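# Tertiary structure, described
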Amino acid sequence: MSVQLTLALAGTIRHDGNGGVTDDLAETAGLARWLRDQAEPLRGYDHDLAPPADLPDEQTRLDVVALRRAVRTLLARAVAPEPPSRADRASLLTPAEAVRELNAAAGRLPTSPRLHWPDDAAPTLTRHSGPAEPRLRLTATLARAAIDFLAGPERAQLRACPAPRCVRYFVKEHARQQWCKPSCGNRARVARHYQRQQAGR
């Protein structure tokens, strides 16, 4: 769940299909769409997180965008020494700034562990958060998901997609995977073919 949320947040910066970059969170309506699309993973990560009833306000959008910048900075650090996503080369924070931003956002929502131990099953641990302003709860949930991912074993499989124009990060699912999705692989092969043809002329 933490991988899905973290990569979904980072993926709100994406290529526009024309060599440029699109920001899905450039407006509050874009954040509202993204929150609707991510409602299930968000609730799966924080059972107490209620989806926003109204369009998110501008401060919520700014908070999520700032958090995304910190997350993308740390994803870029995680893929080093490989290059970061092309979208991040000029907009990264320092890793120390990104860690501070992530920890500050995660720390805005105190939680307590709860043990559940039914008679016929193994014990399980859940974490419950106290009441908080929806904006703080949202950014804390996203920050905690990113921390869990970055501190977990799946971070070692994180890659920046090397396909032309792609600016996504992805978790490598098998040894031969090179791109975030098949269409990026096709685009990379077409670009290599074109370069070979140009070099042969």
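Please refer to the structure placed before this passage.
The rules behind these values
- Residues numbered from 1 in each chain as written.
- Predicted model: local features only at pLDDT ≥ 70, side-chain atom pairs only at ≥ 80, totals over all residues.
- Heavy atoms only, no water.
- Helix = DSSP H or I, 4+ residues; strand = E, 2+ residues; numbered from the N terminus.
- Buried < 20%, exposed > 50% of the residue type's maximum accessible area, 1.4 Å probe, protein only.
- Contact = heavy atoms within 4.5 Å.
- Expected span 1.5 Å × (residues − 1).
- Axes fitted to C-alpha atoms, helices over the stretch in contact; angles between N-to-C directions.
- Parallel < 35°, antiparallel > 145°, perpendicular 65-115°, else oblique.
- Left-handed = near helix turned anticlockwise from the far one by under 90°.
- Nonpolar A, V, L, I, M, F, W, Y, C, P; charged D, E, K, R; others polar.
- Polar contact = N/O pair within 3.5 Å; in protein donor to acceptor, adjacent residues only side chain to side chain.
- Core = buried A, V, L, I, M, F, W, Y, C linked by side-chain atoms within 4.5 Å.
- Arc of directions from axis to C-beta.

## Regarding the overall build of the protein
The number of helices and strands found in the protein is seven helices and six strands. When its helices and strands are written in sequence order, the protein yields α-β-β-α-α-α-α-β-β-α-β-β-α. Along the longest, intermediate and shortest principal axes, the C-alpha atoms of the protein span 70 × 45 × 30 Å. When each of the 201 residues of the protein is scored for burial, the buried share is 40%. Here the contacts in the protein between residues at least 6 apart in sequence split such that 59% fall between residues at least 24 apart.

## What about helix H6 (residues 134–150)?
With 17 residues, H6 should reach 24 Å at 1.5 Å per residue; the first-to-last C-alpha distance of 24 Å fits that figure. Within H6 the residues assigned to the buried category are Arg135, Arg137, Leu138, Thr139, Ala140, Thr141, Leu142, Ala143, Ala145, Ala146, Phe149 and Leu150.

## Focus: the packing of helix H5 (residues 95–106) against H6
Their axes nearest at 7 Å, the elements H5 and H6 cross at an angle of 125°. By the angle between their directions, the pair H5 and H6 is classed as oblique. Pair H5 / H6 crosses with left-handed handedness. Each of Leu102, Asn103, Ala105 and Ala106 in H5 lies in contact with H6, whose residues at this interface are Thr139, Ala140, Ala143, Arg144, Ala146, Ile147 and Leu150. The residue makeup of the contact of H5 with H6, split by class, is eight nonpolar, two polar and one charged.

## Some details on the side chain of Arg68
For Arg68, the location among the structural elements is in helix H4 (residues 58–79). Within the local environment of Arg68, its side chain forms a polar contact with the side chain of Asp23, the two groups lying 2.7 Å apart. Residues in contact with Arg68, not counting those within four places in the same chain, are Leu9, Ala10, Thr12, Ile13, Asp23 and Leu25.

## Some remarks on the nonpolar core
Core analysis: the largest hydrophobic core is formed by 37 residues, its most contacted members being Leu75 and Leu142. Elements that contribute at least two residues to this core include exactly helix H1 (2–10), helix H2 (28–37), H4, H5, H6, strand S5 (158–160) and strand S6 (169–171). Examining the composition of this core, we find that nine residues originate from one element, H4, more than from any other. Non-local contacts of Leu75, meaning those with residues more than four positions away in its chain, are made with Thr6, Leu7, Ala10, Phe149, Leu150, Leu158 and Tyr169.

## Let's talk about the side chain of Arg72
Within the secondary structure, Arg72 is located in helix H4. In this structure the side chain of Arg72 is engaged in a polar contact, spanning 3.1 Å, whose partner is the side chain of Ser85. Every residue in contact with Arg72, bar those within four places of it in the chain, is listed here: Ala10, Gly11, Ile13, Ser85, Ala87, Asp88, Leu92, Val167 and Tyr169.

## Description of the environment of Gly130
Among the structural elements, Gly130 can be located in the loop between strand S4 (124–129) and H6. What makes Gly130 partly exposed here is its relative accessible area of 27%. For Gly130, the contacting residues outside a window of four places in its chain are Leu109, Pro110 and Arg137.

## Things to note about H5
For an α-helix, 3.6 residues make a turn, and residues three or four places apart therefore share a direction. Between its first and last C-alpha atoms H5 spans 16 Å; for twelve residues at 1.5 Å apiece the expected length is 16 Å, and the two agree. When we look at burial in H5, the residues that qualify are Ala98, Leu102, Ala105 and Ala106. Across the axial projection of H5, the buried residues extend over an arc of 100°, all falling on one side. Against H4 and H6 lie the buried residues of H5.

## Some remarks on the packing of H4 against H5
Their axes nearest at 9 Å, the elements H4 and H5 cross at an angle of 130°. Looking at the two axes, H4 sits oblique to H5. The interaxial crossing formed by H4 with H5 has left-handed handedness. Across the interface between the two elements, Ala66, Leu67, Ala70, Val71, Thr73, Leu74 and Arg77 from H4 touch Pro95, Ala98, Val99, Glu101, Leu102 and Ala105 from H5. The class makeup of the residues in the contact of H4 with H5 is ten nonpolar, one polar and two charged.

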